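In case you want the letters, here they are:
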Amino acid sequence: SLGVRFGTIFKKSQTCSLHSVAHRYRDFAIYMSPSALLNALSEQLPIVLLGAFFSPAVVGFYALANRLVVMPIGIVGRSVRTVFLQRAVDLYNEGRRIGPGFSKITFGLAALGAPAFLGLFMYGEEAFSLLLSERWATAGRFVEVLTPLFYTMLVLAPMSAIFIVLERQRMLLVLQTIRTTALVGAFAWSAHQELAALDTLRLYSGLGAATNLLIAFVAFWLAYSKPLIKHGNHTDRDLAKPVNHGD
């Protein structure tokens, strides 16, 4: 995905030196790698902390629930994100707003995923018992409480493209740091309160979904409020100003 963006950058910067281009877009290297690392950490966090506070059986139930639901989400999410990133780059370079396209794909994913996730939320335990066996019913119960988090992961899969195209990698890193801190705090508070595994995952899911929505709010705000690219020596805001013809 970054290759698409860099390809566009170099096409637009033929008169610039390699040094000036690298300096302008240094945030890609500085901020995107830590942001991706935090995102991966937050995804693996439950397995590590559940293993620290609960039995291996709980970890196994969670791992199965997570694998069966998150793997399809990851496949769909990566495909959608790649397509949307290319489209967002094209819109940005044409001087058009990214917001409408982002809204269309986000609400499309929401509508597409709603029936399946509603079914998992209501009947996850029964589905796992029927498809796997009664011994995996607990994994199905875990899926039920994790559904809010899983659903927002699918719906908001394209949102990182907004931060990449609009060059707000630092902001994304700050938001990912807030998210990871909140999730670690959820497990720490659950351990202090000696909550059951199901209640711990319920808190983790709620905070994960809430912080995903926070990042989505910022992404929508950027997509609709960010000034467009320059037209010659003027921005779109400059072109929108009335012309002063003098006396």
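For the structure, check the block above.
What counts as what
- Residues numbered from 1 in each chain as written.
- Predicted model: local features only at pLDDT ≥ 70, side-chain atom pairs only at ≥ 80, totals over all residues.
- Heavy atoms only, no water.
- Helix = DSSP H or I, 4+ residues; strand = E, 2+ residues; numbered from the N terminus.
- Buried < 20%, exposed > 50% of the residue type's maximum accessible area, 1.4 Å probe, protein only.
- 1 Å grid on protein atoms, 1.4 Å probe; cavity = no way out; pocket = protein on both sides within 12 Å on 5 of 7 lines; lining within 4 Å.
- Points joined across faces, edges and corners; volume = space filled by probe spheres on them.
- Nonpolar A, V, L, I, M, F, W, Y, C, P; charged D, E, K, R; others polar.
- Contact = heavy atoms within 4.5 Å.
- Phe/Tyr/Trp six-rings, centres within 6.5 Å; stacked < 30°, edge-to-face > 60°.
- Salt bridge = Lys/Arg side-chain N within 4 Å of Asp/Glu carboxyl O.

1. Details of unusual backbone geometry
- Its identity is not glycine, yet glutamate 167 carries a phi of approximately 60 degrees, on the positive side.
- As for its position among the elements, glutamate 167 is in the loop between α7 (160-165) and α8 (169-193).
- A positive phi angle, near 55 degrees, is found at glutamate 194, a position not held by glycine.
- You can see glutamate 194 is positioned in the loop between α8 and α9 (197-225).
- The exposed category is assigned to glutamate 194, whose relative accessible area is 72%.

2. Section: the layout of surface pockets
- When its volume is computed, the largest pocket comes out at roughly 980 Å³.
- If you trace the largest pocket, you find 37 residues lining it, with Asn39, Glu43, Arg81, Ala157 and Ser160 closest to the centre.
- Mapped onto the lining of the largest pocket, the elements with two or more residues apiece are α3 (27-53), α4 (56-93), α6 (137-155), α7, α8 and α9.
- In terms of residue count, the dominant contributor to the lining of the largest pocket is α4 (11 residues).
- Of the residues belonging to the lining of the largest pocket, the class tally is 20 nonpolar, 13 polar and 4 charged.

3. A short note on the side chain of arginine 179
- Its location among the elements puts arginine 179 in helix α8.
- For arginine 179, a relative accessible area of 7% translates into the label buried.
- Ignoring sequence-local partners within four residues, the contact set of arginine 179 consists of Asn39, Ser42, Leu149, Gly208, Thr211, Asn212 and Ile215.

4. So, the packing of aromatic side chains
- Throughout the structure, instances matching the rule amount to 7 aromatic pairs.
- Their ring planes at 90 degrees and their centres at 5.7 Å tell us that phenylalanine 61 and tryptophan 136 sit as a pair that is edge-to-face. Within this pair, whereas phenylalanine 61 is found in helix α4, its partner tryptophan 136 is found in the loop between α5 (99-131) and α6, the two being separated by 75 residues in sequence.
- Note on phenylalanine 117 and tyrosine 151: the rings are 5.5 Å apart at their centroids and 50 degrees apart in plane angle, and the pair reads as tilted. With phenylalanine 117 in helix α5 and tyrosine 151 in helix α6, this residue pair connects regions lying 34 residues apart in the sequence.
- On the accessibility criterion, phenylalanine 117 (8% relative accessible area) is buried.
- Site record: aromatic cluster; members linked through ring pairs are Phe84, Phe102, Phe107 and Phe220.

5. Quick word on the pattern of salt bridges
- The tally for this structure, following the rule as stated, stands at 3 salt bridges.
- Where glutamate 144 meets arginine 141, a salt bridge forms, and the shortest distance between an N and an O atom there is 2.4 Å. Pair noted here: glutamate 144 and arginine 141 are both in helix α6, with a separation of 3 residues, about one helical turn.
- Among the residues examined, glutamate 144 registers a relative accessible area of 7% and is labelled buried.
- We note a salt bridge from aspartate 199 to arginine 202, for which the minimum N-O separation is 2.7 Å. Of this pair, aspartate 199 and arginine 202 both sit in helix α9, 3 residues apart, which is roughly one turn of that helix.
- Looking at aspartate 199, the relative accessible area reads 35%, which means it is partly exposed.
- Residue classification places arginine 202 among the partly exposed residues on the basis of a relative accessible area of 37%.

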